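The chain contents come next:
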Amino acid sequence: MMTLLAVTSQTWLVTLLGFGIVLVLLCIFVFLMKGLGAVMQRLESKLAQPKVAPAQPAKKEYAKDADGATTAAIAKSLELAQTDTDLAAVAFALNLYYGVHDAEAPKLTILGHSTHWNR
């Protein structure tokens, strides 16, 4: 019975060898994951590169739904605007006329209630 509890030189050798193998495998795993991360970033950056479109002059678009007269009136009022408040007034009038609204981000509301499980 006492021979099972005996610590010999082989016990220390097996313990240190097992510990060393675990450390080496962890280091290999870390470098493998870093390498895979670098490869994935490289692939993602290649896919995310914007495709260059031919250069075209910038077209000012004041309101998509506006007819020709409304577009001309908007362009003239923006041209005549001398202060930021004039620009804000034109933007607000367009907002009221066309009913443009900001899109709200969807949100999830969780209401807690007491049950037998979470008292």
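Residues numbered from 1 in each chain as written. Predicted model: local features only at pLDDT ≥ 70, side-chain atom pairs only at ≥ 80, totals over all residues. Heavy atoms only, no water.

Asks: I'm lost on the overall build of the chain in this one. Help?
Replies: Scanning the chain from N- to C-terminus turns up three helices and zero strands. Taken from N to C terminus, the helices and strands of the chain fall in the order α-α-α. Expressed as a percentage of the 119 residues in the chain, the buried residues total 3%. Here the chain has roughly 11,800 Å² of accessible surface; of this, 67% comes from carbon and sulfur atoms. (Helix = DSSP H or I, 4+ residues; strand = E, 2+ residues; numbered from the N terminus. Buried < 20%, exposed > 50% of the residue type's maximum accessible area, 1.4 Å probe, protein only. Areas by Shrake-Rupley, 256 points an atom, 1.4 Å probe, with all protein chains shown as cover.)

Asks: Explain a nonpolar patch on the surface here, please?
Replies: A contiguous nonpolar surface patch, about 480 Å² in accessible area, is contributed by Leu-17, Ile-21, Val-24, Leu-25 and Ile-28. Mapped onto the fold, Val-24 is located in helix H1 (residues 9-48). (Patch = residues over 30% accessible without salt bridge, like charges linked within 9 Å, V, L, I, M, F, W, Y side chains within 5 Å. Salt bridge = Lys/Arg side-chain N within 4 Å of Asp/Glu carboxyl O.)

Asks: Would you take a moment to explain the confidence of the model for the chain for this structure?
Replies: Note: predicted coordinates in regions of low pLDDT should not be interpreted at a detailed level. Scored by pLDDT, the chain comes out at a mean of 77, with 74% of its residues at no less than 70. Confidence scores differ between elements of the chain, with helix H2 (residues 68-80) showing the lowest mean pLDDT of 75 and H1 the highest of 91. (pLDDT = per-residue confidence, 0-100.)

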